[in-house]
Amino acid sequence: MNRSAQWELDDGVVYHWAIGSLALWICRTVGEWSYAWTHTDQLVLPLTDTPSPHALPPEDLVWTRVVSASPATGVAFAVRPPDRATVIKGEQAIAVLPHTTAELFAPVPVWITASTIGDKPQILFEVPTQRLHRRWFGSPMQGTLCYSVHAGFSTHASEVSADPVYALCPIRVRNLSNEPFRTDALYIQSDQLNLYRPEDSHWLHNLVTNSEITTVAAADDVSFAVSSDRGKGRPDGQLVARARRRHEESWWKRGYVLFQRISNYG
Amino acid sequence: MHLLMPEELRSLFTLDTLWVAARIIIVLVVTLLVVRFIAFVTIQVFKKRFSQQTLMIIKKTIIYSGVTIAWMIVLAQFGLNLTALLGAAGIAGIAIGFAAQTSVSNVISGVFLISEKSFSVGDVIRVGAYTGTVLTIDLLSVKIRTFDNQYIRLPNETLIKTEVTNITRFPIRRYNMEFVVKFGSDLVLLKEILLDCARSNTNCLDEPEPLFVINTFGRYGIEVLFGIWFVKEDFLAVRNSMMTSVHQKLQEAGIEFAIAPPVPQA
């Protein structure tokens, strides 16, 4: 089992990885890397990351070429959180009773980055480990583009049915209102998700995010918002990928947005 | 006509007049350079904060103001009374306004267009028979580039009077597939096939959900509308991929499109 996810590649040889439903091909020549990837309908289990040399991709797959000044001859894989928010939709709605805190678990898709090995590693590319569908979160006039996951969520971590290359995301829902809080979808912001893994685990296995996503039902209007109290619920294990931070909005930008709202300009 | 004599010419080229001429040239060059520099810096500073349209207005305002100030300084160097000149300019403006009513109308329409913000630079608009991307919104006209790469100038007055459709105003759109299937087609199967096509297409959004409507029993068959939501940038990809997959899947399922019978030849 490869825990470090690093491989030395021979010059001019095409290597193939089958990681879950991701099929990936990489070829290295002097000063240039080429890669091609696709998602298959079949999930390759158990997870294996041993590359097969001389395995050519389908003819209709397009190769992407990357020029690199690095003399590195090896490639390293690492996991990353998704690059945008994810909405997890369950098959059945779940209701959290008044003044109850529910601990839910949902699967979050992860990405893989490939980078050169060496003193100054360079990221060659990054790809999602599975075919991701998208959805809109908000009104058709204003909202956010998110990934859509129909894997459902559960009250027990072991019951979350998903591909092994998902990361498990614990979500705490506190209903402070006097009404039951019913939902069939959970919105998870990517800029809060750090990825953790047990010390002795395979680089793709047993990934867990922090459980800082706390959905709070307000007292009267049963509206909910993501809590900003970050850093809570850090799982055991080592941090393997930091959350993708959004660009912090400057005071100037916030002021301008406020001006737009007040003046109805723009 | 009074011609300048060599002695008079010589009298013009005194040190004083040469100094005035030099000052004028210096003022013009320096002012224009400064104005261009200020415009460049301003655009760089606000590039990420404002839309292209706003940036264009800011740039033009800076350049026109700078050029006006430069000419006022030049005229002051000649010893002209600017107050009287401005008064005369006002009177001349009224006279020119009467003489150039269309242009003035376009200018006023341009002001309304900019303040109304129905569209901005980069939007795709449809005006009458023309559809294209807005290149600039100027005082007299709006320039668009059609998809077959034609440059169209639309007078502002026309845009104020005509119906303008801003195709890319909102981040997501719905593509409506309208077609007619033969009477007797399995409508339940048809709906399932269409939904399956949308679900398997990663360019189609899961939410808002696709819309399936049986419009009416038409003259030649059952008229159906199938609407799929997508991110506005994916329009062509969605249209082409959905048309292809729907055509293929319906053919496989034996569901035929209904077409009008040929007109009998005389």
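Keep in mind that what you see is a predicted model, and the values were worked out from it rather than measured. (Residues numbered from 1 in each chain as written. Chains lettered and ligands numbered in written order. Predicted model: local features only at pLDDT ≥ 70, side-chain atom pairs only at ≥ 80, totals over all residues. Heavy atoms only, no water.)

Draft legend 1. Fine view of the nonpolar core. Ranked by internal contacts, the top residues of the largest apolar core, which has 29 residues, are A:W17, A:I26, A:V75, A:F77 and A:W203. Of all elements in the fold, only β2 (14-29), β3 (32-44), β6 (74-80), β9 (111-116) and β10 (123-128) of chain A reach the threshold of two or more residues within this core. Here this core gets six residues from one element, more than from any other, and that element is β2(A). Counting 22 residues, the second-largest nonpolar core is a separate cluster that includes B:I193, B:C197, B:C204 and B:V224. (Core = buried A, V, L, I, M, F, W, Y, C linked by side-chain atoms within 4.5 Å. Buried < 20%, exposed > 50% of the residue type's maximum accessible area, 1.4 Å probe, protein only. Helix = DSSP H or I, 4+ residues; strand = E, 2+ residues; numbered from the N terminus.)

Draft legend 2. Structural detail: the sheet that holds β6(A). Residue and element names in this part refer to chain A. Read from one edge of the open sheet, four strands run β1-β6-β9-β10, paired in antiparallel fashion. Of all the strands in the sheet, the pair left with one neighbour each is β1 (6-8) and β10. Going from strand to strand, the sheet's axes swing by 20 degrees on average, the running direction of each strand aside. (Pairing = 2+ DSSP bridges. Axes fitted to C-alpha atoms, helices over the stretch in contact; angles between N-to-C directions.)

Draft legend 3. Representation of the interface of chain A and chain B within the structure. Of the residues lining the interface, 18 residues belong to chain A; the matching set on chain B comes to 21 residues. Taking both partners together, chain A and chain B bury about 1700 Å²; carbon and sulfur atoms supply 61% of that area. On the surface where chain A and chain B come into contact, there are two salt bridges. Of the charged contacts in the structure, one is a salt bridge between A:R134 and B:D234, with a shortest N-O distance of 2.7 Å. Between the two partners, chain A and chain B, sit seven residue pairs in polar contact (both at pLDDT 80 or more). (Contact = heavy atoms within 4.5 Å. Buried area = accessible area lost by both parts, 1.4 Å probe. Salt bridge = Lys/Arg side-chain N within 4 Å of Asp/Glu carboxyl O. Polar contact = N/O pair within 3.5 Å; in protein donor to acceptor, adjacent residues only side chain to side chain.)

Draft legend 4. Layout of the pairing of β2(A). Residue and element names in this part refer to chain A. Within β2, 14 of the 16 residues are buried, which leaves the element mostly enclosed by the surrounding structure. Across two bridges, the pairing between β2 and strand β4 (residues 52-53) is antiparallel. Counterpart to H16 in the pairing with β4 is S52.

Draft legend 5. Fine view of unusual backbone geometry. Residues and elements named next belong to chain B. Cis geometry marks the peptide bond from E207 to P208, where omega comes out at -5 degrees. Positioned with a positive phi, N149 is a non-glycine residue whose angle comes to about 65 degrees. According to the relative accessible area criterion, N149 is exposed, its value standing at 54%.

Draft legend 6. The arrangement of a nonpolar patch on the surface in detail. The grouping of B:I26, B:V30, B:V34, B:F37, B:I38, B:F40, B:V41 and B:V45 at the surface amounts to a nonpolar patch, some 710 Å² of accessible area in total. Here B:V45 lies in helix α2 (residues 15-46). (Patch = residues over 30% accessible without salt bridge, like charges linked within 9 Å, V, L, I, M, F, W, Y side chains within 5 Å. Areas by Shrake-Rupley, 256 points an atom, 1.4 Å probe, with all protein chains shown as cover.)

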